[in-house]
Every structure is written in structure tokens, then in C-alpha cells.
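Fold and contact review
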Amino acid sequence: MNQDELKKAVAQAALDYIRPHLDQDSIIGVGTGSTANCFIDLLANVRNDFDGAVASSDATAERLKSHGIPVYDLNSAAPLEFYVDGADETNEHLELIKGGGGALTREKIVAAVSKTFICIADESKLVGILGEFPLPVEVVPMARSYVGREIVKLGGDPVYREGFITDNGNIIIDIHNLDISRPIQVEEKLNNIVGIVTNGLFARRPADLLLLGTADGVKSISRQDG
Ligand code: 5RP
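Along each chain, the written sequence defines residue order, and numbers are assigned to residues from 1. Local features in a predicted model are, by the rule used here, given only for residues with pLDDT of at least 70; side-chain atom pairs are given and counted only at 80 or more, and totals for whole chains, interfaces and linings are based on all residues. Side-chain measures here rest on the full set of heavy atoms in the structure, leaving out hydrogens and waters.

Where an unreviewed UniProt entry is consulted, the protein appears under the name Ribose-5-phosphate isomerase A, with the organism given as Marinobacter azerbaijanicus. Per its UniProt entry, the protein bears the Sequence similarities (unreviewed entry) comment "Belongs to the ribose 5-phosphate isomerase family." UniProt positions are given in the numbering used here, feature names are shortened, and annotations may be inferred rather than shown by experiment. Looking at the Function (unreviewed entry) heading of the UniProt record, one finds this comment for the protein: "Catalyzes the reversible conversion of ribose-5-phosphate to ribulose 5-phosphate."

Shown next as C-alpha cells:
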């Protein structure tokens, strides 16, 4: 299977997992990116089985609406039973790097209010130690230089994502070469830097279930196994 087929396979596995739990009142948290898009397209086939969705980005909201799926404001929908989203990297403990698409803040919020966070990814995303993928942080524009200097103090190389503005009107700095052998500690250190709205480490709230697309089929890894 190629990478696209793996993405479709994990999206189908996520739908198969949640479908028995859906009813007319169900509102599903939906992530952002190409793998999440596969999930959205499959959701369209069962749109009468649930009420609607909460989107982690404007792009996801648009795609959901294009399929006729109602999109709710999180404030009127939380808590959510399920959140389904991709990742840029995952380790075996289901700690993630997210934000390659720049939607990390809303993704982290939706993950926080969801009982079960299902991460869908192809096997290229599974790594031993997080950090080969540059870690995105969303930053208030006026704090860009300050945050960059603080990141250097932590040992990372900050790279401003040129020409990119988040759905929240902020910028993204991608951190290269950061030691993320202790993800929770790094997440907390970054949380403490004024001007960073959100960092893309999902370690304090990791995924609960990883559906990993491999050449041998979709592997299901739950957090308790890790
Ligand atoms: C967007 C994200 C995505 O989940 C992540 O970038 C993975 O995307 P894809 O499924 O296209 O590889 O965090 O902010």
C-alpha cells in the first residue's frame, strides 16, 4: 500500500472504531490534515448516524460543511466522546508532535475536551524519540524575536514559518534540533515562555488510541499498552 492508501485505511479503522458508539446526539471532534481529510470524507457516508462535528481548523470546518455535516462551536458541544486526528510524529507512548498544518492550538483544545483521542497515522510517523520533525509553536506576532531567543536558550533552532498566519491570527515558529527525549518536561518548559500560545507537543495529553497504518494492516495501539 502507498501512503495515501495507508491514510485511507487508518481513517476507515477510526470510523469502524467509533461507529458503534454513535447516535443522533453524537458530536465528533475532527482534526486537520491529509489523514484527517480521509476521515472526514468517510464520515460523509454515515452522516445520518450522528449529529455533527467540532472542527480543529477553518479548513476542516469547510470540508465538513461541504459534505453537509453540521459544524458546532466547541462551547456548545463539549465534552466530546471522540476526537480523531493525525500527527506529524508519534512515539510508542502516543506522545505526539502536531502542528505541521499550523492548527495545533485548536487541535490541542479539542483534544483536551475529548474523552478518547484517536490518532490516525501511517507508519512513517512512528519514531523512537520525538523531534526529527521540527516542533511547531504558535506565537503572538509581537513576541516573535523574544520567543526565538528563549528557544535558543533551550537548545533549539527556531525557524520562522514565512508567510503563514494561523486561524487565530498568530505566527508559527518551527523548532529544529530540540532534544525531546523527555516530552512532558519540554512541553511544560515551552508552555512557560510568554508569547507562545501553544506548542505542538501532545505529551501531557497524549492520544488514547493510535491506529497505525502498516504494510501488514492497521495496528491498534492503546495508551495502556505503552
Ligand atoms: C495539523 C496537524 C496534522 O495532524 C499533522 O500535520 C498531520 O498531517 P497529515 O495527516 O497531513 O500528515 O497537526 O496541524
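We now examine the layout of surface pockets. By volume, the largest pocket amounts to about 190 Å³. Here a cavity denotes grid points, spaced 1 Å and computed from the protein atoms alone, that fit a 1.4 Å probe unable to get out, and a pocket denotes an open set having protein on both sides within 12 Å along at least 5 of 7 lines; residues with an atom within 4 Å of a point are the lining. What lines the largest pocket is a set of 16 residues, among which Thr32, Gly33, Ser34, Ala87 and Asp88 lie closest to the centre. Of the residues that constitute the lining of the largest pocket, the class distribution is 2 nonpolar, 9 polar and 5 charged. Grid points are joined across faces, edges and corners, and a volume is the space filled by probe spheres set on the points. By the convention adopted, Pro, Cys, Tyr, Trp, Phe, Met, Ile, Leu, Val and Ala count as nonpolar, Lys, Arg, Asp and Glu as charged, and the other residues, Gly among them, as polar.

Another aspect to go through is the UniProt feature "active site" (unreviewed entry) in the protein. What UniProt calls "active site" (unreviewed entry) maps, in this numbering, to Glu107. Helix and strand assignments follow DSSP, with helices taken as H or I runs no shorter than four residues and strands as E runs no shorter than two, numbered in order from the N terminus. For Glu107, the position within the fold is in helix α4 (residues 104-112). Every residue pair with non-hydrogen atoms within 4.5 Å of one another is taken to be in contact. For Glu107, the contacting residues outside a window of four places in its chain are Thr32, Ser56, Tyr83, Asp85, Lys98, Gly99 and Phe202.

This brings us to the side chain of Thr166. Position of Thr166 relative to the elements: it lies in the loop between β8 (157-160) and β9 (171-176). Here Thr166 is in contact with Gly102, Glu138, Ile171 and Ile172, once residues within four sequence places are set aside.

All right, on to helix α5 (residues 144-153) then. Relative accessibility thresholds used throughout: buried, under 20% of the residue-type maximum; exposed, over 50%; partly exposed, between the two (1.4 Å probe, protein chains only). When we look at burial in α5, the residues that qualify are Val147, Gly148, Glu150 and Ile151. Angular distribution of buried residues about the axis of α5 spans 165°; they occupy a single face of the element. Across from the buried face of α5, at angles greater than 90 degrees, the exposed residues are Arg149, Val152 and Lys153. Phi turns positive one or two residues past the end of α5, at Gly155, with a value near 100°. In this description, the arc belongs to the directions extending from the helix axis to the C-beta atoms.

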